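Structural characterization, general
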Amino acid sequence: MTEPRVRCGLPLQGVGTVIVGGIAFFATMAPALHAQERVVGRRAVGGGMSYESISFGDGGVPQTTFAGLDSTRLKKVHQFTLPVTAAMPLAAGWRLDVTTLISSGSVEYTDPSAPKGTRSASLSGISDIRLRASGRVIGDGLIVTVGLNVPTGRTELNAGEFATLRVLGSPALGLGSTSVGSGPSGTVGFVVPARAAGWDIAFGGSYEVRGRYQPLAALSAGSASADFTPGGVVRGSVSGDRTVGPHRLIVALSADVFTRDRLASTIAPDASGKGGGSSVADVRLGPVFSADAQLQIAAPRVRELLAYSSYRWRAPFSRDGITVERSSGQYLEAGARTAFALGVGRDLVLSTDARWHSGLGVDLGLPTSGVRSGTVSAGVNLRRSLLAIQPYVRLQGGVLTQQTASGSKPSQSFSGAGVGLVITSRF
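Residues numbered from 1 in each chain as written. Predicted model: local features only at pLDDT ≥ 70, side-chain atom pairs only at ≥ 80, totals over all residues. Heavy atoms only, no water.

Some words on the overall build of the chain
- Assigned secondary structure in the chain consists of three helices and 25 strands.
- Across the 427 residues of the chain, 43% fall into the buried class.
- Put simply, of all contacts in the chain between residues at least 6 apart along the chain, 65% involve residues at least 24 apart.
- Split by element, the accessible area of the chain, about 19900 Å² in all, is 62% carbon and sulfur. (Helix = DSSP H or I, 4+ residues; strand = E, 2+ residues; numbered from the N terminus. Buried < 20%, exposed > 50% of the residue type's maximum accessible area, 1.4 Å probe, protein only. Contact = heavy atoms within 4.5 Å. Areas by Shrake-Rupley, 256 points an atom, 1.4 Å probe, with all protein chains shown as cover.)

Observations concerning the pairing of strand β4 (residues 69-89)
- Relative to β4, strand β2 (residues 44-56) runs antiparallel, the two sharing ten bridges. Its bridge partner lying in β4, Ser-55 is registered against Lys-76.
- The pairing of strand β3 (residues 61-66) with β4 spans five bridges and is antiparallel. Its bridge partner being in β4, Val-61 is matched across the sheet by Leu-74.
- The turn joining β3 and β4, which pair antiparallel and follow one another in sequence, is formed by two residues; a positive phi near 55° is taken by Ala-67.
- As judged from the 15 bridges shared by β4 and strand β5 (residues 95-110), these two strands associate in the antiparallel manner. (Pairing = 2+ DSSP bridges.)

Structural notes on the packing of aromatic side chains
- Evaluated as defined, the whole model comprises one aromatic pair.
- Aromatic side chains Phe-289 and Trp-313 sit 6.0 Å apart centroid to centroid with 15° between the ring planes, which places their arrangement in the stacked category. Within this pair, whereas Phe-289 is found in strand β17 (residues 288-296), its partner Trp-313 is found in strand β18 (residues 304-314), the two being separated by 24 residues in sequence.
- On the basis of relative accessible area, Phe-289 is assigned to the partly exposed category, the value being 38%.
- Cation over ring: Arg-312 sits above Tyr-331, and NZ or CZ is 4.2 Å from the ring centre. (Phe/Tyr/Trp six-rings, centres within 6.5 Å; stacked < 30°, edge-to-face > 60°. Lys NZ or Arg CZ within 6 Å of the ring centre and 35° of its normal.)

With respect to helix α2 (residues 159-168)
- Most of α2 sits inside the fold, with nine of its ten residues counted as buried.
- Taken together, the buried positions of α2 are occupied by Gly-160, Glu-161, Phe-162, Ala-163, Thr-164, Leu-165, Arg-166, Val-167 and Leu-168.
- The opening residue of α2, the one whose side-chain oxygen lies 3.1 Å from the backbone nitrogen of Gly-160, is Asn-158. (Polar contact = N/O pair within 3.5 Å; in protein donor to acceptor, adjacent residues only side chain to side chain.)

Topic: the environment of Gly-231
- Along the chain, Gly-231 falls in the loop between β12 (228-229) and β13 (232-244).
- Here Gly-231 falls in the buried class, since its relative accessible area comes to 14%.
- Gly-231 sits 52 residues away from Val-283 along the chain, and the two C-alpha atoms are 9.6 Å apart.
- Look past the residues within four positions of Gly-231 in its chain and what remains in contact with it is Arg-210, Thr-259, Arg-260 and Asp-261.

Let's talk about the nonpolar core
- If you look at the biggest cluster of nonpolar residues, it comprises 24 residues, and the most contacted ones within it are Phe-56, Leu-74, Val-77, Val-167, Leu-173 and Leu-400.
- Listed by contribution, the elements that provide at least two residues to this core are β2, β3, β4, β5, β6 (118-126) and α2.
- Element by element, the count of residues in this core is highest for α2, at five residues.
- Membership of the second largest hydrophobic core comes to eleven residues, among which are Phe-258, Val-288, Leu-360 and Val-362. (Core = buried A, V, L, I, M, F, W, Y, C linked by side-chain atoms within 4.5 Å.)

Comments concerning the environment of Arg-384
- Looking at the secondary structure, you find Arg-384 in strand β23 (residues 370-384).
- Once the C-alpha coordinates of Arg-384 and Arg-346 are considered, the two residues, 38 residues apart in sequence, prove to be 9.2 Å apart.
- When residues no more than four places from it in sequence are discounted, the contact partners of Arg-384 are Val-344 and Gly-345.

Here's the deal with unusual backbone geometry
- Located in the positive-phi region is Arg-301, a residue other than glycine, with phi close to 65°.
- With respect to the helices, strands and loops of the structure, Arg-301 is situated in the loop between β17 and β18.
- Here Arg-301 falls in the exposed class, since its relative accessible area comes to 78%.
- Positive phi, normally seen in glycine, also occurs at Asp-320, with a value near 55°.
- Examined against the element boundaries, Asp-320 turns out to sit in the loop between β19 (318-319) and β20 (322-323).

Considerations on a nonpolar patch on the surface
- Taken together, the side chains of Met-49, Tyr-51, Phe-80, Val-393 and Val-419 make up a nonpolar region of the molecular surface, amounting to roughly 420 Å² of accessible area.
- Within the secondary structure, Val-393 sits in strand β24 (residues 387-401).
- Taking the relative accessible area as the measure of exposure, Val-393 reaches 45% and is therefore partly exposed. (Patch = residues over 30% accessible without salt bridge, like charges linked within 9 Å, V, L, I, M, F, W, Y side chains within 5 Å. Salt bridge = Lys/Arg side-chain N within 4 Å of Asp/Glu carboxyl O.)

Topic: the confidence of the model for the chain
- Here the chain averages 82 in pLDDT, while 81% of its residues score no lower than 70.
- The lowest-confidence element of the chain is helix α1 (residues 15-20), averaging 30 in pLDDT; the highest-confidence one is β17, averaging 97.
- When the criterion is pLDDT under 50, residues 1-41 qualifies, and its contacts beyond four places in sequence or with other chains add up to 128 contacts. (pLDDT = per-residue confidence, 0-100.)

A few points about the pattern of salt bridges
- Tallied over the full model, the rule gives twelve salt bridges.
- We note a salt bridge from Arg-210 to Asp-261, for which the minimum N-O separation is 2.9 Å. You can see Arg-210 sitting in the loop between β11 (199-209) and α3 (215-220) and its partner Asp-261 sitting in strand β15 (residues 261-267), a full 51 residues away along the chain. Per residue, the accessibility class of Arg-210 equals that of Asp-261, and both read buried.
- In this structure, a network of salt bridges that share partners links the residues Arg-303, Asp-347 and Arg-383.

Printed below as a string of structure tokens:
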């Protein structure tokens, strides 16, 4: 029998995705090595590979309606990614960035009907290709960014692949991108620079047309359906950069405002076979407010030392004009990174970070789980002429908190390890 298939994909993350898209491969080592900066006007190519494995304690994480089963427990998660990026100058001072990735992920879960009581599901393929062009217009008084998402990623999954996506795309696990696409989409944004009271200030704005395929957004709206047609996103931001003695401080504030979305759900018939069908709801996601700060510290005997933090608040969303209870969430992350010179062309890079997510109460699965976790990473940056090679290892551990129908939040421990390699060249 052919498995049922669902059309789906991952949402873009606003103009921030477009702006940092040209160096997205550093996410395989974030936050250990992601702050490398491009040299404007030069060509750059990069690639990498990473492998992540996560195990859940206490017999696994309870899940409802997972992989076609009424209830089961997730035991392990694995993901392998191959990100690729390129950046090049264009005419008239413009610059083009191109990114994509190949990924393969799998999950292991309990299934009493299986011969050994366990089963696995997987998801693999190539992601969408993201293009981003940016340049200065009207002298240096305006910077314009135009982003385009080319729909090369997967938009049709069977039940097992969709169940795998629920896990791989969970913010609580921090595994990063998958091979699922979001369909045709794009962003147009601008930045206006200014200077006041010793600060270099940038005012930004953008509008994003989101691709149709948004399964995780549908899950966050409390529906098992992937039939989610999103509206646009308006984003505003202001950032400041200044020196504080020998140090450098960068702060940024932003807000995302969403237009109306449409969510379709299937209604199962009752025991007599009556009452089945479908329903369509208008969904308005609440605005998302973010605050970020980074302090680059001038310290002796180290090549780099910085501390950073990020706070995000997602306001409650509404369905058909009615606010959905327990649909707001908070996200707090903080960390530090340092690099020590080991000799000519060699650096030891160390980092650590901590995350706290409150989670949402609208879904009983991993996509809306809360988390308290920590990560430590160690890597070596080897520079040879135009080439930089960066192997690394990473360990993480924490506790998941999942809402239940009664509102309680049982805890579930997890631990993970990862290895990877980032290769870049500038010429």
